[in-house]
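Survey of secondary and tertiary structure
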Amino acid sequence: MKKIPVAAVDLSGNEENYVMNALRSSWISSSGEYVNRFENGFSSLCGVRSAIGVCNGTIALHLAMLALDVRPKDEILVPSLTYIATANAVRYVGAEPVFVDVDPDTWCMDPEKIELSITPRTRGIIPVHLYGHPADMDPINHIAAIHGLWVVEDAAEAHFAKYKGKPVG
Ligand SMILES: Cc1ncc(COP(=O)(O)O)c(C=O)c1O
């Protein structure tokens, strides 16, 4: 049976040269040419003012929870189908991930199921753009605005995927 890979790694560009350049410059941590180039290039491709490079997607989500002052007893809505890091980031700050069912066609959080899960302890929503497919952000943002919730998009699987013409995240 023919299999479709979840991801196909392509390192056929300048990746090896860049790694060697960084090693030879001894800037392999904290700063150096490549962090700035990555942050500037990434933010410009996403059409946003700035980007901060961190070492992986899990750390990015954890930092977002800390920046939003998420605390124990807070409830955060996450899709029931995602990579474990989405829910783990919520647990790292002691809060409760509350699982919202996904749309059977897109496999992303089903906006129609969100309000069923909102309680007085709900603080925010983390929709995930799963397997490169954008979640339906307009109704999600609308529900969040009505209930005074923040939205953090987990775009770890969907860099440069577009929702209504704009890059996700
Ligand atoms: C949806 C989603 N969120 C978060 C992560 C975490 O990213 P990382 O493995 O870089 O920590 C992943 C990784 O596969 C992911 O698929």
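A brief look at the structure comes next. (Residues numbered from 1 in each chain as written. Predicted model: local features only at pLDDT ≥ 70, side-chain atom pairs only at ≥ 80, totals over all residues. Heavy atoms only, no water.)

1. Section: the pairing of strand 2 (residues 96–100)
Formally: When DSSP finds two or more bridges between a pair of strands, those strands are recorded as paired. We count a stretch as a helix when DSSP gives it H or I for four or more residues in a row; a strand needs E for two or more, and each element gets its number in order from the N terminus. A crossover counts as right-handed when, viewed with the strands pointing away from the observer, the path leading from the first strand over the helix to the second turns clockwise.
As defined by bridge partners, strand 1 (residues 75–79) adjoins strand 2 across five bridges and the pair is classed as parallel. Its bridge partner being in strand 2, Pro79 is matched across the sheet by Val100. Between the parallel pair strand 1 and strand 2, the chain is carried across by helix 4 (residues 85–92), and the sense of this crossover is right-handed.

2. Looking at the packing of aromatic side chains
Keep this limit in mind: In this scheme Phe, Tyr and Trp rings, the latter by its six-membered ring, pair at centre separations within 6.5 Å, and the angle between planes marks the pair as stacked below 30 degrees, edge-to-face above 60, and tilted otherwise. Only protein chains enter the accessibility calculation, which uses a 1.4 Å probe. A residue is then buried if its area is under 20% of the maximum for its type, exposed if over 50%, and partly exposed in between. When the NZ atom of lysine or the CZ atom of arginine is within 6 Å of a ring's centre and also within 35 degrees of its normal, the charge is said to sit over that ring.
Enumeration according to the criterion identifies four aromatic pairs in this entry. With a centroid separation of 5.6 Å and 35° between ring planes, the pair formed by Phe38 and Phe42 is classed as tilted. With a gap of four residues between them, Phe38 and Phe42 both fall in helix 2 (residues 33–46), about one helical turn apart. Overall, Phe42 belongs to the partly exposed group, its relative accessible area being 24%. By the ring-pair criterion, three or more aromatic residues cluster together here, those being Phe38, Phe42 and Phe160. In this structure, Arg37 is placed above the aromatic ring of Tyr18, and the distance from its NZ or CZ to the ring centre is 5.3 Å.

3. Section: the packing of helix 3 (residues 57–67) against helix 4
For the record, the criterion: Interaxial angle, 0 to 180 degrees, is taken between N-to-C directions of lines fitted to C-alpha atoms, where a helix line uses only the stretch in contact. Comment on the angle field: the value is read as roughly parallel under 35 degrees, roughly antiparallel over 145, roughly perpendicular from 65 to 115, and oblique elsewhere. Left-handed describes a crossing whose near helix is turned anticlockwise from the far helix by less than a right angle; the clockwise case is right-handed. Working rule for contacts: check all heavy atoms of both residues, and any pair within 4.5 Å makes them a contact.
Interaxial distance between helix 3 and helix 4 falls to 9 Å at its minimum, and their mutual angle equals 40°. Comparing the axis directions of helix 3 and helix 4 gives the class oblique. In terms of crossing hand, the pair formed by helix 3 and helix 4 is right-handed. Seen from helix 3, the contacting residues are Thr58, Leu61, His62 and Met65; seen from helix 4, they are Ala85, Thr86, Ala89, Val90 and Tyr92.

4. Quick word on the sheet that holds strand 3 (residues 122–125)
Ordered by their spatial adjacency, four strands build an open sheet running 2-1-3-4, and the pairing between neighbours is parallel. Looking at strand neighbours, the two that pair on one side only are strand 2 and strand 4 (150–151), the edges of this open sheet. Here strand 3 runs beside strand 4; their pairing, made up of two bridges, is parallel. Its bridge partner being in strand 4, Gly124 is matched across the sheet by Trp150.

5. Topic: the side chain of Ser43
Among the structural elements, Ser43 can be located in helix 2. On the accessibility criterion, Ser43 (6% relative accessible area) is buried. Residue contacts for Ser43: discarding those within four places in its chain leaves Val48, Arg49, Ser50 and Ala51.

6. Some points on helix 4
Taken residue by residue, helix 4 has Ala85, Thr86, Ala87, Ala89 and Val90 as its buried positions. Looking at the buried positions of helix 4, the neighbouring elements they touch are helix 3, strand 1 and strand 2.

7. Some thoughts on the environment of Thr106
Just so we agree on the cut-off: Two N or O atoms count as a polar contact when they lie within 3.5 Å, although within protein this holds only if one can serve as hydrogen donor and the other as acceptor, and sequence-adjacent residues are included solely when both atoms are side-chain atoms.
Residue position: Thr106 is located in the loop between strand 2 and helix 5 (111–114). In this structure the side chain of Thr106 is engaged in a polar contact, spanning 3.1 Å, whose partner is the backbone nitrogen of Cys108.

8. Considering helix 6 (residues 137–147)
Condition: By construction, the arc corresponds to the directions joining the helix axis to the C-beta atoms.
All of the buried residues along helix 6 are Met137, Ile140, Ile143 and Ala144. Seen from one end, helix 6 has its buried residues packed into an arc of 130°, which puts them on one side. The exposed set on the far side of helix 6, more than 90 degrees from its buried face, consists of His142, Ala145 and Ile146. Where helix 6 is buried, its residues touch helix 5, strand 3, strand 4 and strand 5 (162–163). Directly beyond the C-terminal end of helix 6, a positive phi value near 65° is found at Gly148.

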